[in-house]
Number of protein chains: 2
Amino acid sequence: MPDVDGARVLADLHALRGIGAYKTGVHKPTFSEPHMRSLEWLADKLPEAGLAATIDGIGNVLGTSPKSGPKLLAGSHLESQNFAGWLDGPLGVVYALEAARVINPDPTVNGAVEVAAWCDEEGHFGSFLGSGSYVGGVTEADIDAASDRSSGRSMRDALRDVGLAGRPRVNAERGRHIGYLEAHIEQGETLESGGLAIGVVTSIVGIWQYRISFSGEQNHAGTTRMGVRKDAGLALARFCVAIDGRFPALCGPRTVWTTGGITLDPGAPSIIPGGAEMLFQIRDDDPAIIDRLEDLLRTMATEVTAQGRCSVKLERIRTGVPATMDGAIQYAVEGASLAFAGGKFVRMPSGAGHDAQVLATIMPAGMLFVPSIGGISHHWTENTADADIITGAQVFAEACRRLLAR
Amino acid sequence: MPDVDGARVLADLHALRGIGAYKTGVHKPTFSEPHMRSLEWLADKLPEAGLAATIDGIGNVLGTSPKSGPKLLAGSHLESQNFAGWLDGPLGVVYALEAARVINPDPTVNGAVEVAAWCDEEGHFGSFLGSGSYVGGVTEADIDAASDRSSGRSMRDALRDVGLAGRPRVNAERGRHIGYLEAHIEQGETLESGGLAIGVVTSIVGIWQYRISFSGEQNHAGTTRMGVRKDAGLALARFCVAIDGRFPALCGPRTVWTTGGITLDPGAPSIIPGGAEMLFQIRDDDPAIIDRLEDLLRTMATEVTAQGRCSVKLERIRTGVPATMDGAIQYAVEGASLAFAGGKFVRMPSGAGHDAQVLATIMPAGMLFVPSIGGISHHWTENTADADIITGAQVFAEACRRLLAR
């Protein structure tokens, strides 16, 4: 049985937390100096697990084993959202590293755990560009077109500045891996509120995103009577409130929806907004539910436009691709949870996107979650209890062992 | 009776439109190159009216007459809102110039019209800094602290760059003027919809402004169930809609209110906003009405906070100072409207702020409005029919003559 070193797992996570620290979290946007230093930290560690390290031309770190026998791929990512938490990404990478460290040198194990850190899972430059590149879904033209959402810097410039331009990108060797396993913090409070230690991920929801634009009439905020106004901002506010009133009747049990951004045009205190735009997102693992909700949004937009004050335009700007996690991998994680987490596990879908959904397009893939304190995520206060981190590492390594032993 | 040259008025307005043209309007922020060229254009024109021109240390243009007898001050402003209309400001300046050109050389008139273009009425750097300086209400420290709302450039740097640093600021000579008259486009549709030519302004409303901040809990938009969210953006949208439902029961007949700006924090599609802020404005000429509405806002904020999801903070960031226009000046404009506009005038308050409210703190002040096509303002499509422009110029000059003749 793998002999996971909990103190070593915590020490590695704290080492990564110290690179690009921000309050109790980190600030490591993709291709920032602390991100690159984190990649190098991992590359330096991989030989401890008998793995040869490569940082490829898109910033993926890959550790490959010379051992014969089955290979299991495991990993996550090392960059962070801006000013965000210390475990979102690094937890899964360190678990994979630890599993490889305890399993690969074991002469009784046939095969090896190989480790990956996928670049830009957090989407600073695109959507799963690192894992997407590994599975063969990213073209050179895609990279030409990508740029940093915050700074506007092109991905080509970023790759050149960090010294990765010109390096080959590593593609998956078909048939090499029996599957992919990724650990992650839950980022919600299902585990914590249920007193559970492990979430066995059954599916990863798809993300559908919409730009909803309102056109009214820009005018002077002092001289335009209330009765004749065509206030695009007010129309947007009404729409947000109406969504919240009407979605519950049609959504599924786990559907979530969010207005993450609002912009008024021109956005000045003395001008009635002539335009307004909201970024709206829906997540579910059932496309049929999304179809119903999107129909409702279109009906609502038509209703507002028909009232004659403001017109509403709905554009779908992202289409979700829900992914089903492999049954045998779920079974292995459950068995490991029975052995190392007192059976305190639950099967659950992932409401967040993860690289596992990309790997799932070419091999069996699975995930496990550990609890997030207060369910907080994408914020520097994100945290997990040390005991839960260690339990998760043990379950992860045991699941890897069981998968290799099948 | 003054012999206004309508073609000359239109030609002057088109000359100013040609400086800093943007589509059919203009883009002349304060201290921009086209703004400074417009000030010089006026300084060059003032001698045609027997006036000596000065551009002072805050960018006010002042034309003073050597004639004996009463002096009437008249004017408006030459800078524009960003990418805005051609008449908002220049109309009043050219009317003042034309009135001075026809009245000042007339040996039968005792006294003169003096012309002013007040700097920064549009508030790029502050609130009525030009007219405020003239009435003695702007200190050197106020100028030290002022900066461009768009670019952040300090007012000191701007004054230096346009060559005004070190020039003295001209202060009003107490007792010199019998009053101040300003013409402006209405910026609303009261005149147009009533088939009227002239608005006789009775008062200028005050502007009260508020920053309303919502604090919830920032979290992951995929993993946080709807029932446990503390979405500050949704709380803000509900608040906007609630204002629109509850204000009508307490407001006055001409109260207007506007949410001109909304910001979500952090404003990303996959993050539930933990913070949200709206810029909210109320205008009225009756502070008692504002008191009622502000009480309602505080009650609403307390109600939302008491519900326990999000807390609301209300800050008043600007307090309105309504101004009453002088009765004798209103009477003169009415008489002139009977003579030159077929009696098609109406007494009305101004929903927009104007330099006249600042001049009213030290001398009798009045305003007249001409129609705005479609009520459109603060937009490059702003316009007024040529016939209305010429009628307004005739009424303006005649009102000046009547005031000097009293």
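Residues numbered from 1 in each chain as written. Chains lettered and ligands numbered in written order. Predicted model: local features only at pLDDT ≥ 70, side-chain atom pairs only at ≥ 80, totals over all residues.

## As for the overall build of chain A
Scanning chain A from terminus to terminus reveals 12 helices and 17 strands. The globule rule puts the C-alpha radius of gyration for 406 residues at 22 Å, and the 23 Å found for chain A is close to it. By principal-axis analysis of the C-alpha atoms, chain A measures approximately 80 × 45 × 40 Å. Relative to its full complement of 406 residues, chain A shows a buried share of 56%. (Helix = DSSP H or I, 4+ residues; strand = E, 2+ residues; numbered from the N terminus. Rg over C-alpha atoms; globule rule 2.2 N^0.38 Å. Buried ≥ 20, exposed ≤ 12 C-beta atoms within 10 Å, placed from the backbone.)

## Here we look at the relation of the copies chain A and chain B
Mapping between the two copies of the chain is achieved by a rotation about an axis and a shift along the axis. With an RMSD of 0.1 Å, chain A superimposes on chain B once it is rotated by 180° and translated 0.1 Å along the axis. Read as a symmetry element, the transformation amounts to a two-fold axis. The position closest to the rotation axis in chain A is occupied by the C-alpha of Ala 237 of chain A, lying 2.2 Å away. (Least-squares fit on C-alpha atoms with pLDDT ≥ 70 in both.)

## Remarks on the domain arrangement of chain A
All names here are of chain A. Domain boundaries in chain A define domain 1 (6-205 + 325-405) and domain 2 (206-318). For domain 1 versus domain 2, the separation of C-alpha centres amounts to 36 Å. With five residues of domain 1 in contact, the opposing surface of domain 2 contributes seven residues. Partitioning the side of domain 1 that touches domain 2 into residue classes produces two nonpolar, three polar and no charged. (Domains from an automatic or database assignment. Contact = placed C-beta atoms within 7 Å. Nonpolar A, V, L, I, M, F, W, Y, C, P; charged D, E, K, R; others polar.)

## Description of the pairing of strand S4 (residues 61-64) of chain A
All names here are of chain A. Judged by which residues are buried, S4 turns out to be covered on both faces: Val 61 and Gly 63 on one side and Leu 62 and Thr 64 on the other are all buried. Pairing analysis gives four bridges linking strand S3 (residues 52-55) to S4, with the strands arranged antiparallel. Residue pairing in the sheet places Ile 55 in a bridge with Val 61 of S4. With antiparallel pairing between neighbouring strands as the criterion, S3 and S4 make up a hairpin whose turn holds five residues, including Gly 59 at a positive phi of roughly 90°. (Pairing = 2+ DSSP bridges.)

## Re the packing of helix H1 (residues 6-17) of chain A against helix H12 (residues 386-405) of chain A
Residues and elements named next belong to chain A. The N-to-C vectors of H1 and H12 enclose an angle of 110°; their axes lie 9 Å apart at closest approach. As the angle between them shows, H1 and H12 are arranged roughly perpendicular. Crossing hand, H1 versus H12: right-handed. On the side of H1, the interface is formed by Gly 6, Val 9 and Leu 10, while H12 contributes Asp 386, Ile 389, Ile 390 and Ala 393. Per-class residue counts for the contact of H1 with H12 are five nonpolar, one polar and one charged. (Axes fitted to C-alpha atoms, helices over the stretch in contact; angles between N-to-C directions. Parallel < 35°, antiparallel > 145°, perpendicular 65-115°, else oblique. Left-handed = near helix turned anticlockwise from the far one by under 90°.)

## Focus on the sheet that holds strand S13 (residues 275-284) of chain B
Residue and element names in this part refer to chain B. Here four strands make up an open sheet; going across it, the order is S11-S13-S9-S14 and the pairing antiparallel. Looking at which strands have only one partner, the edges of the open sheet turn out to be strand S11 (256-265) and strand S14 (311-318). Each adjacent strand pair in this sheet contributes to an overall mean axis angle of 20°, direction not counted. Here strand S9 (residues 206-215) runs beside S13; their pairing, made up of 10 bridges, is antiparallel. The partner of Gln 209 across the bridge, within S13, is Gln 281.

## Comments concerning the sheet that holds strand S13 (residues 275-284) of chain A
All names here are of chain A. Here we have four strands laid out as an open sheet, ordered S11-S13-S9-S14, and antiparallel in their pairing. Each end of this open sheet is capped by a strand with a single partner; those strands are strand S11 (256-265) and strand S14 (311-318). Taking the axes of each pair of neighbouring strands and ignoring which way they run, one obtains an average angle of 20° across the sheet. Where helix H9 (residues 287-307) meets the sheet, its contacts fall on strand S9 (206-215), S13 and S14, and the angle it forms with S14 comes to roughly 155°.

## Points about the pairing of strand S4 (residues 61-64) of chain B
Where S4 of chain B and strand S6 (residues 112-117) of chain B come together, three bridges link them in antiparallel fashion. Of the residues in S6 of chain B, the one forming a bridge with Leu 62 of chain B is Ala 116 of chain B.

## A word on the interface of chain A and chain B
With 48 residues of chain A at the interface, the matching set in chain B holds 48 residues. Those elements giving two or more residues to the side of chain A that touches chain B turn out to be strand S10 (219-220), helix H8 (232-246), S11, strand S12 (271-272) and S13 of chain A. In terms of residue class, the side of chain A that touches chain B is made up of 19 nonpolar, 23 polar and six charged.

## Side note on unusual backbone geometry
Residue Asp 265 of chain A is joined to Pro 266 of chain A through a cis peptide bond whose omega torsion reads 5°. Along the polypeptide, Pro 266 of chain A turns up in the loop between S11 and S12. One non-glycine residue with positive phi stands out, namely Phe 83 of chain B, at about 50°. With respect to the helices, strands and loops of the structure, Phe 83 of chain B is situated in the loop between strand S5 (71-76) and helix H3 (90-103). The exposure class of Phe 83 of chain B is partly exposed, given the 16 C-beta atoms found within 10 Å. You will see that His 378 of chain B, though not glycine, has its phi angle at about 50°, which is positive. Tracing the sequence through the fold places His 378 of chain B in the loop between strand S17 (365-370) and helix H12 (386-405). A residue is classified by how many C-beta atoms lie within 10 Å of it, and His 378 of chain B, with 29 of them, is buried.

## What to know about the environment of Arg 347 of chain A
All names here are of chain A. Mapped onto the fold, Arg 347 is located in strand S16 (residues 345-350). For Arg 347, a count of 13 C-beta atoms within 10 Å gives the class partly exposed. Through-space distance from the C-alpha of Arg 347 to that of Gly 261 is 32 Å; in sequence the pair is 86 residues apart.

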